[in-house]
Amino acid sequence: MIIEKLIVGTLESNCFIIGDEDTKEALVVDPGDEPDRILDLIKESNLKVKFIVCTHAHFDHVGAVPDLKEQTNAKIVIHREDLDLYSNIEKQALLWGYEIDPLPEPDILVSEGNKIEIGNLRFEILHTPGHSPGGICLYGEGILITGDTLFAGSVGRTDLYGGDIQKLKNSFKRLMSLPEEIKVLPGHGPESTIGHERAYNFFSYEV
Ligand SMILES: [Zn+2]
Ligand SMILES: [Zn+2]
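Just so it is clear, the structure is predicted and the values come from calculations on it, not from any experiment.

Engineer: Tell me about the overall build of the protein chain, residues and numbers included.
Structural biologist: Each helix and strand in the protein chain was counted, giving 7 helices and 14 strands. With the principal axes as the frame, the protein chain shows a C-alpha extent of 45 × 40 × 30 Å. Looking at the protein chain residue by residue over its 207 residues, the buried ones come to 52%. When contacts within the protein chain are restricted to residue pairs at least 6 apart in sequence, long-range pairs at least 24 apart make up 61% of them. Across the protein chain, the centroid of the 19 positively charged side chains sits 5 Å from that of the 35 negatively charged ones.

Below is the structure:
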């Protein structure tokens, strides 16, 4: 499995490119900004992008979606409960003082338990609300891509539109029940494992 990480934009979001070595099929998670860097890496690695997966629709995770869609024609995947945020992206970005292009219509509205396949790799959608209503994690092949639900040592904020601390606690508990060896790839900051987060994440003492 190919796993590439690019740190993009002023909020330093982690954009992941996950590819299948055999078929070269790939998916891009959270292309938040700097589309040229992302597209260059895709080209260099000779990958065919099938899906653009947004763990949630905050502007720092979707900013490069328009360019990626145009260049790859991959299917845009998002949870239906983040459609509000997604559709109002220009307003959302302006609140932070950023201008952003309108986003193309999503192609696939996922919900809990849906599967995404690229080549021989298989991932499951986990609906993990709390940071945003439609936050998702991508789980499979020994990795868990968590967006802003879970970081190394902490969790995402719940004071933004649609945030909900109780839901985040439930999502956190659920993720902590996954096998300890699962590698955690968060939306910001360094990677971790479920076992490490179970032991050291400050949120373990809150839930
Ligand atoms: Zn966020
Ligand atoms: Zn973020």
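Okay, back to it.
Engineer: Please provide a residue-by-residue account of the pattern of salt bridges, values included.
Structural biologist: Under the counting rule described, the total for this entry stands at 7 salt bridges. R37 is paired through a salt bridge with E34; the nearest N and O atoms lie 3.0 Å apart. Residue E34 is classed as partly exposed on the basis of its relative accessible area, which comes to 29%. For R157, the salt bridge identified is with D159, shortest N-O distance 2.7 Å.

Engineer: Account for the coordination of the zinc ion (ligand 2), naming residues and giving values.
Structural biologist: Binding of the zinc ion (ligand 2) to the protein goes through D60 (OD), H61 (NE2), D148 (OD) and H188 (NE2), at separations of 2.1 to 2.3 Å. Angles of 90 to 157° at the metal separate the 4 donor atoms of the zinc ion (ligand 2), which places the site in the irregular class. Mapping the donors of the zinc ion (ligand 2) onto the primary sequence yields the spacing D-H-x86-D-x39-H. Here the zinc ion (ligand 1) and the zinc ion (ligand 2) are spaced 3.5 Å from one another, each receiving a donor from D148. Of the two residues, H61 sits in helix 2 (residues 59-62) while D148 sits in the loop between strand 10 (143-147) and strand 11 (150-151), which places them 87 residues apart along the sequence.

Engineer: Give a description of the environment of G32 that names residues and reports values.
Structural biologist: Among the secondary structure elements, G32 is positioned in the loop between strand 3 (25-29) and helix 1 (35-44). Apart from the residues within four sequence positions on either side, G32 is in contact with V8, F59, D60, H61, V62, G63 and A64.

Engineer: Before we move on, could you go through the coordination of the zinc ion (ligand 1) and cite the residues and values that matter?
Structural biologist: Protein coordination at the zinc ion (ligand 1) comes from H56 (NE2), H58 (ND1), H131 (NE2) and D148 (OD), with a distance range of 2.1 to 2.4 Å. Geometry at the zinc ion (ligand 1) is irregular, judged from its 4 donor atoms and the angles of 89 to 175° they form at the metal. Ordering the donors of the zinc ion (ligand 1) by residue number gives the pattern H-x1-H-x72-H-x16-D.

Engineer: Requested: an account of the packing of helix 1 against helix 3 (residues 65-72), with residues and values cited.
Structural biologist: Packing of helix 1 against helix 3 brings their axes to within 9 Å, and their N-to-C directions diverge by 35°. Note that helix 1 runs across helix 3; the crossing there is right-handed. Between helix 1, through P35, I38, L39 and I42, and helix 3, the contact on the second element is made entirely by D67, L68, Q71 and T72. Residues that form the contact of helix 1 with helix 3 fall into these classes: 5 nonpolar, 2 polar and 1 charged.

Engineer: Please set out the state of the cysteines residue by residue, giving values where relevant.
Structural biologist: A full pass over the atoms with the stated rule returns 0 disulfides. Looking at C15, it has no disulfide partner, and the nearest cysteine sulfur is the one in C54, 10 Å off. For C15, a relative accessible area of 0% puts it in the buried group. The closest cysteine sulfur to the non-disulfide-bonded C137 is located on C54, 14 Å from its own sulfur. In this structure C137 comes out as buried when scored by relative accessible area, which is 1%.

Rules of the game
- Residues numbered from 1 in each chain as written.
- Chains lettered and ligands numbered in written order.
- Predicted model: local features only at pLDDT ≥ 70, side-chain atom pairs only at ≥ 80, totals over all residues.
- Heavy atoms only, no water.
- Helix = DSSP H or I, 4+ residues; strand = E, 2+ residues; numbered from the N terminus.
- Buried < 20%, exposed > 50% of the residue type's maximum accessible area, 1.4 Å probe, protein only.
- Contact = heavy atoms within 4.5 Å.
- Lys, Arg positive; Asp, Glu negative; His and termini not counted.
- Charge placed at Lys NZ, Arg CZ, Asp CG, Glu CD.
- Salt bridge = Lys/Arg side-chain N within 4 Å of Asp/Glu carboxyl O.
- Donors = N, O, S within 2.8 Å, 3.2 Å for Na, K, Ca; no water.
- Tetrahedral: all angles 85-135°; square planar, octahedral: opposite > 155°, others 65-115°.
- Axes fitted to C-alpha atoms, helices over the stretch in contact; angles between N-to-C directions.
- Left-handed = near helix turned anticlockwise from the far one by under 90°.
- Nonpolar A, V, L, I, M, F, W, Y, C, P; charged D, E, K, R; others polar.
- Disulfide = S-S within 2.5 Å.

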